[in-house]
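# Residue-level structure breakdown
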Amino acid sequence: MATLKDIAQRAGVTATTVSRVINNRGYISEGTRKKVYAAMEEMHYQPNELARAFSKQYTNTIGLIVPHISHPFFIKVISNLESSAAEKGFKLLLCNSKEQPEKEQDYLDMCISNRVAGIVLCSKYVQTREFRKMNIPVVNLERGGDDDTISVQCDNYQGGKLAAEHLIECGCQHIVCLRGPMKFSSGQQRYQGYEDVCRKYGRKAVWIDCDYDYDAGLAAAEELIRRYPDTDGILASNDMAAMAVYKVLHQNGRRVPEDVQLV
């Protein structure tokens, strides 16, 4: 098995230079970097990540914990995070919790034991304040921060407002909102945007509760068809619910967008 010294000899540089290339430390010319990488490839050298973790106190790995890897939103999140991390020389440790609190905690423990450099948390269960004493950077994605941790969120209020205004501008007279879970800030804010637009135009804010998944969308759409047969505009709080609504409307002979407009 090739060693650091072997790579240095093949590349014609010092072992210190090889170490700096591997750990991405200090200035290294592009030519030197290419020579080191070429030597590593020729000699099938794999850096000892565990040893590097102990020497630096962390690996070049970022833990990413998502509730669903099959959801279109998180598919895009995972892809873009991986690309951004790779540009900076980091890798992703992807964890799919399936909205199970015990799995999320197990994954968090795994991230800590693997000495990740940081964690991107899409969890709705774990309180991030527990990381403060461990000195692990945490970024909350699409969830409110429960302390002074960083949180990155969409402008959910503006999203609900724009969607409702668009349906009204398209001539919809009987709009129903399939609002997301009100225990989450995203559900609250999207519905609030919709409700404020209804108030502005003198409309009654009609809604049906709907969770952020396909099966919940099917159930909510069936309820909507039954309770509000005159509906000509639907604001679904997320894409999974919208896809389910489209299916139910089609099964009931309602065309989109000719009979019912759907956001």
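Shown above is the structure to which this text applies.
Below you will find a few notes about this structure. (Residues numbered from 1 in each chain as written. Predicted model: local features only at pLDDT ≥ 70, side-chain atom pairs only at ≥ 80, totals over all residues. Heavy atoms only, no water.)

### Some points on the sheet that holds strand β6 (residues 175-179)
The condition that has to hold: One requirement defines pairing of two strands: DSSP has to find at least two bridges between them. Helix and strand definitions follow DSSP, with helices as H or I runs of at least four residues and strands as E runs of at least two, each counted in order from the N terminus. Contacts are assigned to residue pairs with any non-hydrogen atoms lying within 4.5 Å of each other. Axes here refer to lines fitted to C-alpha atoms; in helices the fit is confined to the stretch in contact. Angles between the N-to-C directions go from 0 to 180 degrees.
On the basis of which strands lie adjacent, the open sheet formed by four strands has the order β7-β6-β8-β9 and parallel pairing. Both edges of this open sheet fall to β7 (206-209) and β9 (261-262), since each of them pairs with a single strand only. Where β6 and strand β8 (residues 233-236) come together, four bridges link them in parallel fashion. When the sheet's bridge partners are listed, Cys 177 is paired in β8 with Leu 235. This element, helix α7 (residues 156-169), spans β6, β8 and β9 of the sheet and lies at about 170° to β8.

### With respect to the side chain of Ser 97
Considering the arrangement of structural elements, one finds Ser 97 in the loop between β2 (91-96) and α6 (101-113). Excluding residues within four positions of it along the chain, Ser 97 makes contact with Ile 65, Val 66, Pro 67, Lys 103, Glu 104 and Tyr 107.

### Some words on the pattern of salt bridges
To keep things clear, this is the line we draw: Any carboxyl oxygen of Asp or Glu within 4 Å of a side-chain nitrogen of Lys or Arg constitutes a salt bridge here.
Scanning the entire structure with this criterion turns up eight salt bridges. Here Arg 10 makes a salt bridge to Glu 42, at a shortest N to O gap of 2.7 Å. Linking Arg 10 in helix α1 (residues 4-11) with Glu 42 in helix α3 (residues 30-42), this pair joins segments that are 32 residues apart in sequence. Notably, a salt bridge pairs Lys 200 with Glu 165, separated by 3.9 Å at the nearest N-O pair. Of this pair, Lys 200 sits in helix α8 (residues 185-200) while Glu 165 sits in helix α7, and the two are 35 residues apart along the sequence.

### Some details on unusual backbone geometry
Applied cut-off: We call a residue buried when its accessible area falls under 20% of the maximum for its residue type, exposed when it is over 50%, and partly exposed in between, using a 1.4 Å probe and counting protein chains only.
Val 256 connects to Pro 257 through a cis peptide bond whose omega is 10°. For Pro 257, the location among the structural elements is in the loop between α10 (239-251) and β9. Despite not being glycine, Lys 98 shows a phi value in the positive range, around 55°. Classification of Lys 98 by relative accessible area gives partly exposed; the value is 47%.

### Looking at the nonpolar core
Spelled out, the test is: In this description, a nonpolar core means a group of buried Ala, Val, Leu, Ile, Met, Phe, Trp, Tyr and Cys residues linked to one another through side-chain atoms lying within 4.5 Å.
Core analysis: the largest hydrophobic core is formed by 30 residues, its most contacted members being Leu 178, Tyr 194, Ile 234 and Leu 235. Of all elements in the fold, only α7, β6, α8, β7, α9 (214-227), β8 and α10 reach the threshold of two or more residues within this core. For Tyr 194, the contacting residues outside a window of four places in its chain are Gly 160, Lys 161, Ala 164, Ile 175, Val 176, Cys 177, Lys 204, Ala 205, Val 206 and Leu 235.

### Examining the sheet that holds strand β1 (residues 61-66)
Taken in spatial order, the five strands of this open sheet run β2-β1-β3-β4-β5, and their pairing is parallel. The sheet is open, and its two edges are formed by β2 and β5 (150-152), each paired on a single side. Within the sheet, the average angular offset between the axes of one strand and its neighbour, ignoring direction, is 20°. With three bridges joining them, strand β3 (residues 118-121) and strand β4 (residues 138-141) adopt parallel strand pairing. In the sheet register, Ile 119 faces β4, and the bridge partner there is Val 138.

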